[in-house]
Amino acid sequence: MKRIARSIFQAGYHQLRKIYRLSKGEPLSLSFLSSQTLDEDDVEVAQYWLQNRDAWYSHTPVLEYEKKFAEWNGSSYAFSFMGGRVALSAIIHALALKPGDEVIIPGYTCVVVPNAFHYEGIKTVYCDIELETYGLDAALLEAMINPQTKAIVIHHLYGLVCRDYEKLISVAQRYGLYVIEDCAHSTGATYKGVNVGNLGDVAFFSSEQSKVFTTIQGGIAVTNNPDIAAKIKEYSEKASFPSEERIDSLLHSVLLNYYRFKHPQRWWRGDWAHVTLGHKELVSTTKGEEQGQRPFYYGEKMPAPLASLGINQLNKLDTYNQQRRETAHKWDLWCTQHGYKTPYVVPDSVPVYLRYPVLVEPEKKEHPGWARKEMGVELGLWFVTNVHPADWLVENCPNADLAVRQCINFPGIIS
Ligand SMILES: *Cc1c(COP(=O)(O)O)cnc(C)c1O
């Protein structure tokens, strides 16, 4: 009762604030950065599964999802988990990385990436990024390699294919290091006609609620190497499914996110959904996790309802990625008109623009309200720290530090 009273009070406050903002010339419905690929058909999938609880732990939709994703991405093997971070954890197991090993990762990443290594006692060494695509800087990589180094993580941030893709892989190969591709932002981006995630040894994707496609939480590991695939399978077979309570929350979150972030009348339906469903919401990264703790549910694989949602999302992904590219033209124009540099598109690459990144004055990142009024969008503030959003000290990464202060991002999909 208390919760409902509080959320009705909050909803009323939000509505008043919207009226005030409307009077200041801001639009009633903003374009958000999260869950933009959710539609009525995804709500129907969620509702179907909420009414068919007996089949939640059936394997069939999961195997179908993995097969479809592998085919769609042009990869030999795919395995689904309850997060990109969990897929990475499966990869660490598959590569038999051990305590004392070192891995080189970008000094501009999400905290769950170093966490996955730290949980296994592996040391992460941060390498600076370049400022054209925010990828690992190939000119700096070689000097960071030592006899303990076993792997590198390269990423395709914001959906841009990283600048030194082939060069990074060739440096790693020369030293016998594994290349793990972080494709959490770049599902569907291609380089020389091949989807990202196929050039390194192994890759992970994310379908968390703020990513290119969504199952609220979720991730996939892919590889073309049968030995690595067999080891990931081993990890998957031992992994458990989320509890019924978690699945119930995730399915209700599909409804909640759709009404909050995507529904045409989200300006009021979002607040109402928060009153009725807000208590079902789960956080993607707990406070403890931000501090380096391992949550108790870490390591789970994907159950049937979310795999089924994943299949529905995958069917729409190419269309949505095309929309993202079209939206990018609009932001290109804005950059040109306002004297900012447009993101660098590597020759022979097709990006997916999960978010459109621009380097602006630090004040524009510190006080992001201007974007609501000027452009009707919620401004993206990834990354506010080097290992977003944790405040860990990352040294000798001046480009990453600059991006932390100055990189803002616009939504890839305007709704
Ligand atoms: C979101 C994200 C991940 C992790 O994906 P989850 O599905 O949230 O576990 C990894 N790397 C980057 C760069 C990300 O933004």
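Anyway, here's the lowdown on the structure attached to this text. (Residues numbered from 1 in each chain as written. Predicted model: local features only at pLDDT ≥ 70, side-chain atom pairs only at ≥ 80, totals over all residues. Heavy atoms only, no water.)

For the rest of this paragraph, the subject is the nonpolar core. If you look at the biggest cluster of nonpolar residues, it comprises 128 residues, and the most contacted ones within it are Y108, F117, I180, I232 and F410. The element that contributes the greatest number of residues to this core is helix α12 (residues 304-338), accounting for eleven residues. Ignoring anything within four residues of it in the chain, the contact list for Y108 reads I129, Y134, H155, L157, Y158, W382, F383, N386, A400, A403, V404 and C407. (Core = buried A, V, L, I, M, F, W, Y, C linked by side-chain atoms within 4.5 Å. Buried < 20%, exposed > 50% of the residue type's maximum accessible area, 1.4 Å probe, protein only. Helix = DSSP H or I, 4+ residues; strand = E, 2+ residues; numbered from the N terminus. Contact = heavy atoms within 4.5 Å.)

The next point concerns the site of the ligand. Taken together, 15 residues surround the ligand, and among them G84, R85, H185, S206 and K211 come closest. About the coverage of the ligand: the protein hides 95% of its 380 Å² of free accessible area. Only α4 (84-94), α5 (112-118) and β9 (202-206) provide two or more residues apiece to the shell around the ligand. Here the shell around the ligand is built from residues that sort into six nonpolar, five polar and four charged. (Near = heavy atom within 4 Å. Areas by Shrake-Rupley, 256 points an atom, 1.4 Å probe, with all protein chains shown as cover. Nonpolar A, V, L, I, M, F, W, Y, C, P; charged D, E, K, R; others polar.)

A surface patch of nonpolar side chains, about 490 Å² in accessible area, is lined by L22, L28, W267, W268 and W272. A total of three residues in the nonpolar patch trace back to one element, the largest contributor, which is helix α10 (residues 266-277). With respect to the helices and strands, the residue W272 is situated in helix α10. (Patch = residues over 30% accessible without salt bridge, like charges linked within 9 Å, V, L, I, M, F, W, Y side chains within 5 Å. Salt bridge = Lys/Arg side-chain N within 4 Å of Asp/Glu carboxyl O.)

The next subject is the packing of aromatic side chains. Applying the stated criterion across every chain yields a total of 21 aromatic pairs. Note on Y134 and Y158: the rings are 5.3 Å apart at their centroids and 85° apart in plane angle, and the pair reads as edge-to-face. Of the two residues, Y134 is situated in the loop between β4 (123-127) and α6 (138-144) and Y158 in the loop between β5 (149-155) and α7 (165-174); the sequence distance between them amounts to 24 residues. Looking at Y134, the relative accessible area reads 3%, which means it is buried. Ring geometry for W334 and F410: centres 5.1 Å apart, planes at 80°, overall edge-to-face. Highlighted residues: W334 in helix α12 and F410 in strand β14 (residues 407-411), separated in sequence by 76 residues. F410 matches W334 in its accessibility class, with the two residues each being buried. Aromatic ring contacts, followed pair by pair, group Y108, Y134, Y158, W382 and F383 into a single cluster. The positively charged end of K330 is found above the aromatic ring belonging to W331, 5.4 Å away from the centroid. Across from the ring centre of W382, 3.4 Å away, lies the NZ or CZ of R355, which sits over that ring. (Phe/Tyr/Trp six-rings, centres within 6.5 Å; stacked < 30°, edge-to-face > 60°. Lys NZ or Arg CZ within 6 Å of the ring centre and 35° of its normal.)

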